[in-house]
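These are the residues of each chain, in order.
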Amino acid sequence: MAETHPQQHATALDELREELPVVWRAIPRKGLFFTLLGAWLAVFHFLGNPTFGYIATPSLLGWLNMAYNRPGSEDSHGNLMPLVVLGLVWWKRRKLQQIAAALWWPGLFLLAAAGVLHWLGFAVQQPRVSVIAMLLGIYALVATVWGRGIAREIAFPYVLLIFCVPLGDLVEPLTVPLRQFSTDITVIIARHGLGIPVLQEGVLLLDPRGAYQYEVAAACSGINSLVTLLVLTSVYGVVTFSTGWKRLVMVSLALPLAVAGNVLRLVSIIVAAEGFGRAAGEFVHEWFGFLTFGLGLAAMLAVGHWLREPKPAVVGAVASRAT
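### So, the packing of aromatic side chains
Under the criterion given, the structure shown has 6 aromatic pairs. Seen from their ring centres, Trp40 and Phe44 are 5.0 Å apart, and the 65 degrees between their planes marks the pair as edge-to-face. Remark: Phe44 and Trp40 occur in helix 2 (residues 30-46); sequence separation between them is 4 residues, near one turn of the helix. Pair check on accessibility: Trp40 and Phe44 agree, each one buried. Among the aromatic residues, ring-to-ring pairing joins Trp24, Phe33, Phe34 and Trp146 into one connected group.

### Quick notes on the side chain of Ser268
Mapped onto the secondary structure, Ser268 falls in helix 13 (residues 254-276). Here the side chain of Ser268 touches Leu264 through a polar contact of 2.7 Å, landing on its backbone oxygen.

### What to know about helix 4 (residues 81-91)
Those residues of helix 4 that fall on the buried side of the exposure criterion are Met81, Val85 and Leu88. Axial view of helix 4: buried residues confined to an arc of 65 degrees, hence all on one face. With respect to the buried face of helix 4, the exposed residues turned more than 90 degrees away are Leu83 and Leu86. On its buried side, helix 4 packs onto helix 9 (155-158) and helix 11 (223-240).

### Regarding the environment of Gly294
Examined against the element boundaries, Gly294 turns out to sit in helix 14 (residues 278-306). The exposure class of Gly294 is partly exposed, given its relative accessible area of 34%. Placed 33 residues apart in sequence, Gly294 and Gly261 show a C-alpha to C-alpha distance of 9.1 Å.

### Topic: the sheet that holds strand 2 (residues 204-206)
The strand order across the open sheet formed by 3 strands is 1-2-3, and the pairing between neighbours is antiparallel. The sheet terminates laterally at strand 1 (199-201) and strand 3 (213-215), the two strands that pair on one side only. Averaged over all pairs of adjacent strands, the angle between their axes in this sheet comes to 20 degrees, without regard to strand direction. When strand 1 meets strand 2, the two strands line up antiparallel, connected through 3 bridges.

### Considering a nonpolar patch on the surface
Together, Leu32, Leu36, Leu103, Trp105 and Leu108 make up an exposed nonpolar region whose accessible area comes to about 450 Å². With respect to the element layout, Leu103 can be found in the loop between helix 5 (93-97) and helix 6 (107-123). The partly exposed category is assigned to Leu103, whose relative accessible area is 37%.

### Some points on the packing of helix 3 (residues 60-69) against helix 7 (residues 127-146)
Direction vectors running N to C along helix 3 and helix 7 enclose 115 degrees, while the axes themselves pass 11 Å from each other. Put simply, helix 3 runs roughly perpendicular to helix 7. Crossing geometry of helix 3 relative to helix 7 is assigned as left-handed. Here helix 3 contributes Leu60, Leu61, Trp63 and Leu64 to the contact with helix 7, which in turn contributes Pro127, Arg128, Ser130, Val131 and Met134. Its residues assigned to classes, the contact of helix 3 with helix 7 shows 7 nonpolar, 1 polar and 1 charged.

### Points about the side chain of Thr292
If you trace the backbone, Thr292 turns up in helix 14. Aside from chain neighbours lying at most four places away, what touches Thr292 is Gly261, Leu264 and Arg265.

### A closer look at the pattern of salt bridges
If charged atoms from side chains of opposite charge come close, those side chains can pair. Enumeration according to the criterion identifies 5 salt bridges in this entry. Notably, a salt bridge pairs Arg17 with Asp14, separated by 4.0 Å at the nearest N-O pair. Residue Arg17 and its partner Asp14 are both found in helix 1 (residues 12-26); the two are separated by 3 residues, about one turn of the helix. On the accessibility criterion, Asp14 (29% relative accessible area) is partly exposed. Residues Glu153 and Lys92 are paired through a salt bridge, measuring 3.0 Å at the closest nitrogen-oxygen approach. Of this pair, Glu153 sits in helix 8 (residues 148-153) while Lys92 sits in the loop between helix 4 and helix 5; the two residues are 61 residues apart in sequence, bridging distant segments of the chain. The exposure class of Lys92 is buried, given its relative accessible area of 11%.

Cut-offs applied
- Every residue gets a number counted from 1 within its own chain, in the order that chain's sequence is written.
- Only residues with pLDDT of at least 70 are given local features in this predicted model, and only at 80 or more are side-chain atom pairs given and counted; all residues enter the totals for whole chains, interfaces and linings.
- Excluded from the side-chain calculations are hydrogens and water; all other atoms, namely the structure's heavy atoms, are used.
- Only rings of Phe, Tyr and Trp enter the pairing, Trp through its six-membered ring, and a pair is recorded when the two centres are within 6.5 Å. The plane angle decides the type: under 30 degrees is stacked, over 60 is edge-to-face, the rest tilted.
- Strands here are runs of E lasting at least two residues and helices are runs of H or I lasting at least four, both read from the DSSP assignment and numbered beginning at the N terminus.
- Residue exposure (1.4 Å probe, protein chains only): buried if accessible area is under 20% of the type maximum, exposed if over 50%, otherwise partly exposed.
- In protein, a polar contact requires one atom able to donate a hydrogen and another able to accept it; more generally it is a pair of N or O atoms within 3.5 Å, and residues adjacent in sequence count only if both atoms are side-chain atoms.
- Summarising the geometry, the arc corresponds to the directions from the helix axis toward the C-beta atoms.
- Residues are treated as being in contact if the distance between any of their heavy atoms lies within 4.5 Å.
- DSSP-based pairing: two strands are paired if at least 2 bridges between them are found.
- Helix axes use the C-alpha atoms of the stretch in contact, all axes being lines fitted to C-alpha atoms, and the angles between their N-to-C directions lie in the range 0 to 180 degrees.
- Patch membership is restricted to residues that have no salt bridge and whose relative accessible area is over 30%. Joining uses 9 Å for like charges and 5 Å for the nonpolar side chains Val, Leu, Ile, Met, Phe, Trp and Tyr.
- Residue exposure ignores everything except the shown protein chains as possible cover, and the areas themselves are Shrake-Rupley values with a 1.4 Å probe.
- We count a salt bridge whenever a side-chain nitrogen from Lys or Arg sits within 4 Å of a carboxyl oxygen from Asp or Glu.
- Put simply, angles under 35 degrees are roughly parallel, angles over 145 are roughly antiparallel, angles from 65 to 115 are roughly perpendicular, and the rest are oblique.
- For a crossing to be left-handed, the near helix must be turned anticlockwise from the far one by less than a right angle; the clockwise case is right-handed.
- Only Asp, Glu, Lys and Arg are considered charged in this grouping, and only Ala, Val, Leu, Ile, Met, Phe, Trp, Tyr, Cys and Pro are considered nonpolar; every other residue, Gly among them, is considered polar.

In structure tokens:
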């Protein structure tokens, strides 16, 4: 009897370690690209941020670091977006390897346009415009060094880097109606669905007995969940489906899922405070957001399963039926 041994399965990390050097060596003109990239980023490091009165650095990269990591920032997802995009580019590596890479000089016109856009952003002291120019320039370098085919193939996910542009106070026109809408729906559910006589003053929720009082602040508007879900639904839709309308359906789920999760969280706070006191409401306020976000992801996956596309027919099965 032949001796058997347990089958050894390489982990995903091991496979990555083995394949990454092979893919890296196969990339042409790496030196040219990274030299140009370093020069392009140097422009934004030394002449990128015109708003010296607010942040004492000429670096646009330093300005981005402040915007992402300041206390209470609603733009912290910008730290993760480059990793998300790199992961999706890695996922497309098989297709990218099949495209002939070639120098494409018209890409320099796009690079020049990005330079003009940065000059305009610097002149009017709008760092966000310069961030867009920086990202556009990097894309132009990809097109120039590796060709229009490569640039077209990575257009998505590269476009997701738009979420790296900090919104700051610019998001206020969206957070205000989100806060009000979530508060209104919460009050309707609490009063007419659960019989809890909660009072409402704008975005302020009060208990008539004075047991609790919560303001639906900007941080509780659901904007963070909306941005995160918008990224996730976009990635999930493009990776999972090939049909355009199904991708659009997945992306359109972000807003209703974010609002529904926020309303569920607010209702849970009221129920907890009504039944177990203010401390319970504070506990739900701090921790229930993770659960509602998880439910949103579950709903996204459920819709994706419902819209799932049929798998291609197995060649062997078709051949066997033909015979």
